[in-house]
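# Structure assessment
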Amino acid sequence: MAVTDRDAAPRYGKALFEVAQEQGHLPAVRDELAQVNAVINATPELMPALASKNLTKAAKDQLVALLTQDASELVAHLVNILLANGRILGLSAVIDDFDARFNAATQHVEATVTTAVPLTEAQVQAMNQALAKQFNVKTVGVTAVVDPAVIGGVKVQSNDLIIDGTVKTRLAQLRQQLLTN
Amino acid sequence: MSTKTEEISTLIKKQLENYKDDLNVDEVGTVTYVGDGIARATGLKNAMASELLQFSNGSYGMAQNLESNDVGIIILGDFDGIREGDTVKRTGRIMEVPVGEDMIGRVVNALGQPVDGNGPIKTDHTRPIEVKAPGVMQRQSVTQPLQTGLKAVDALVPIGRGQRELIIGDRKTGKTSIAIDTIINQKDQDMICVYVAIGQKESTVRAQVETLKQYGAMAYTIVLTAGPSEPAPMLYIAPYAGAAMGEEFMYNGKHVLIIYDDLSKQATAYRELSLLLRRAPGREAYPGDIFYTHSRLLERAAKLSDKLGGGSMTALPIIETQAGDISAYIPTNVISITDGQIFLQSDLFYSGTRPAIDAGASVSRVGGDAQIKAMKKVAGTLRLDLASFRELEAFTQFGSDLDAATQAKLNRGRRTVEVLKQPVHKPLAVQYQVLILYALTHGFLDAIAIDDIAQFQQELFDYADSNGADLLKTIKDTGNLPDTDKLDALIKGFADGFTSSAKK
C-alpha cells in the first residue's frame, strides 16, 4: 500500500525534532513552524499550488522562498526537502508531529477551554493549574473560546480527551434520561 | 388540576434522582472518512478491538481495524448523518444484544431491536455478541437426537442435539424448507429455536414468519433478520447476535436450535466491509480471516456437560452453492468446520424427489450415536442400499434383460426413494417414520405400485393409530423396536386390506 503523507509525517517530524534538539533551537523552531502554519492557514491556495503539476519548479521555489523568508536555515531546509520529495502536502502533519514531540519533551499540553462568558485572568490561572494537575504535566497552554451556546459551565478539549461539564450537555443528558425512562 | 401538577412533579423528581451530576470525560476521535457502512477516524488511541463507539448523530459503530494513526469502524445503523470532521467517542463497552425469555416469539434485527411492530421488548439481560466458545472440559458428546421430522434426514443423516450440520445446495433446492420444517417439528420438544435470516428478502422472511405462526411455531422461536437493504455490518454481526440469544438459553440448561440462513451471504457482507476497510484480499477476494469468521461462530454450538446444566445448541448453517460446486472456497470451509452436511441437488428436486437430499454426498459425523435404537435398526443399511440403487439404476438404464435379484433391488430402491419423499411443512413424528421404514425394509411395500405408496403410507398411519397405538407408544417412549411379530402382523393386516384409490 502507498505510504500516505500522514504516514510519512512522523519520519520528518522525528528527524526535525532531533536536529533541532542537537542544535539547541527547539523553542525557536517551534515558533517558526507555528508562523509557517499560520501562513498556510491564511492562504488556502498555497499548498495546492505547491503540489500542482502545472507550476514550474522555479515558480514553486519562489513561493517557498517567500514562505521561508524570515525562517531559520533548518525550517527552510525542511520545506525544501518536503517539496523535493513530493511530500509538501504533509507539511501541516509534520508540524503537528513536531509539536507533539516538543510538548511531550517539555511536559506541556495544549487545551481548548470553551465557556459561555469570557474567563477572567484569575480563572484562566486556576484553570491552568487544575488542568496541569489533571493531565500530570508542568505547563498547559490554554486557548479560551467563548461560545454562548454552551449556556454555562466549562468544556475542556485536549488531544483526544473531552471533559464536558457544560449546561448544554447536561440538559441533553437529562432529556435522554427522561425519554428512556 | 393542582393535584395533577403535583403528581407530575413528584414523578419528575423521582427521575431526576437517577440523574447523576457527573462530569463527562470522553475520549474522542475525528472522522476522516465515511461511506458504504464504514468509517475511519483518527485519534481514539485507547480504543479496544470490537469496542462500541458512538458517533455524534447517535449511531453506534464497532472498532475493527486499530492502526497506528487511525481506526476502521463499521457503522451499525444510520450513516447518513455522519460527516467528515464529526467526533466519535469511546463507550468502553463491547457490542451486546438483549437476550432472554421475552425475545421468544419476536422478530428482531441484528441489534436485538424489535421490527415486528409489537412494542418494545422488556428485558434487562444482555450478552456480548462475541464470546469464546465452550472449551474441551465444558462439553460432552452428543447423545440426544434432534428430530427434524423429515424421513430422509432422520433416517439417513441423523442430527444430534449440540451438533453442527450444514445444509448445502444450489438456490431453490429447498434448503430453507428443511430448516423451517425442523423448527415446526420442535413443537412440544422442549426446544427453543432461533432463525437468523441473513440477506434474505424481507418478503421471504415475512412469509417464513407467517408459516411459523400458522403452525404455532412462533411460540418457541426468535426470528432475527438482517435484510439485504441493511448495510453490510448488520449482516456480518447478525449470526453472532443470534448465537448470543441462543447461548443465554443453552447456559440455562435448555436446548436450542439455531439456523443461520445463510452464511454465504454473511461471508459476502464480510468481504465487502473488509475490502472497504482496506484489508488485503485473499482467495475469491475474501479476507484472510474468513475461515475464523465461520469457525468461531459454529464452535459456539455445543452440548454442555452436566455440570453446566447439560444444555445444548444445535446449529444448522445454510450455504448456497453455485451450480452445485461444493469445492468453492466458502462451501469447503464450512464443510470442514461442521459435523456433516445435507447436500441438496437441483436435479433431484426437479425430478420430484423432495426433499432433494443426495444420499451419497450427505453425511452426519456424530448423529448416528444420537439416533433412537428403533430407527437405527430399520434405517441401518438404508444409506448403502440407496447408494447401490443409484449406481445400479445408472448402469441398467439401457439394458432390458435383468436377473431377478437385480430386478428386486431396483424395485426396492424405487420404493425407498418414494418413501423418503415428503411434502413441505408436514413433519412426521419418529414413531411413524420407524413404522413406514420398517414396512419398507421388510418388503411389505414391494407389492405396492409406486404411485400408491403415498396413499399406502397415509392409510397405514391411520390404521396403526386405531389398531396399533400401543406399538407406536412403545417406539415413542422407549425408543426400542416393539415385538416384531406384532408389528409384522399389524402391517400385514393393513396391507391385505389395502386397495389403491385408482382402482376404487
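Residues numbered from 1 in each chain as written. Chains lettered and ligands numbered in written order. Predicted model: local features only at pLDDT ≥ 70, side-chain atom pairs only at ≥ 80, totals over all residues. Heavy atoms only, no water.

### A closer look at the packing of aromatic side chains
Residues and elements named next belong to chain B. Summed over all chains, the structure comprises eleven aromatic pairs over all chains. Measuring from centroid to centroid gives 6.0 Å for Tyr-286 and Tyr-329, while their planes differ by 55°, and the two rings are tilted. Here the residue Tyr-286 occupies a position in the loop between α6 (263–276) and α7 (290–298), and Tyr-329 occupies one in helix α8 (residues 329–337), the gap between them amounting to 43 residues. Judged by its relative accessible area of 7%, Tyr-286 is buried. (Phe/Tyr/Trp six-rings, centres within 6.5 Å; stacked < 30°, edge-to-face > 60°. Helix = DSSP H or I, 4+ residues; strand = E, 2+ residues; numbered from the N terminus. Buried < 20%, exposed > 50% of the residue type's maximum accessible area, 1.4 Å probe, protein only.)

### A look at helix α5 (residues 232–250) of chain B
Residues and elements named next belong to chain B. Between its first and last C-alpha, α5 extends 28 Å over 19 residues, near the 27 Å set by a 1.5 Å rise per residue. The sharpest bend along α5 reaches about 35° and sits at Ala-238, with the proline Pro-239 one to four residues further on. Extensive coverage of α5 is indicated by the burial of 19 of its 19 residues. (Expected span 1.5 Å × (residues − 1). Bend = angle between axes of the 7 residues up to and from the residue.)

### Re the UniProt feature "domain: ATP synthase alpha subunit C-terminal" (unreviewed entry) in chain B
Residues annotated in UniProt with the feature "domain: ATP synthase alpha subunit C-terminal" (unreviewed entry) correspond here to residues 371–489 of chain B. Between the C-alpha atoms that bound residues 371–489 of chain B the distance is 25 Å, and the span itself is 68% helix and 0% strand. (UniProt positions renumbered as here; feature names shortened; annotations may be inferred.)

### Examining the sheet that holds strand β17 (residues 340–344) of chain B
Two modes of strand pairing occur in sheets, parallel and antiparallel, and in both the strands are linked by backbone hydrogen bonds. Residues and elements named next belong to chain B. A sheet is described by the order of its strands in space; here eight strands give the open sequence β8-β14-β13-β15-β16-β12-β17-β18, paired in mixed fashion. Pairing within the sheet leaves two strands with one partner each, and these edge strands are β8 (107–108) and β18 (363–364). The sheet contact formed by strand β12 (residues 166–169) and strand β16 (residues 312–320) spans three bridges and is parallel. Each bridged residue has a counterpart across the sheet, and for Ile-167 the counterpart in β16 is Ile-318. On the sheet, α6 packs against β13 (191–198), β15 (255–261) and β16 and is oriented at approximately 75° with respect to β16. (Pairing = 2+ DSSP bridges. Contact = heavy atoms within 4.5 Å. Axes fitted to C-alpha atoms, helices over the stretch in contact; angles between N-to-C directions.)

### Observations concerning the domain arrangement of chain A
Note: interface size is frequently given as the accessible area lost on complex formation between the parts. Segmenting chain A into domains produces domain 1 (5–104) and domain 2 (109–180). Each of domain 1 of chain A and domain 2 of chain A has a C-alpha centre, and the two are 32 Å apart. (Domains from an automatic or database assignment.)

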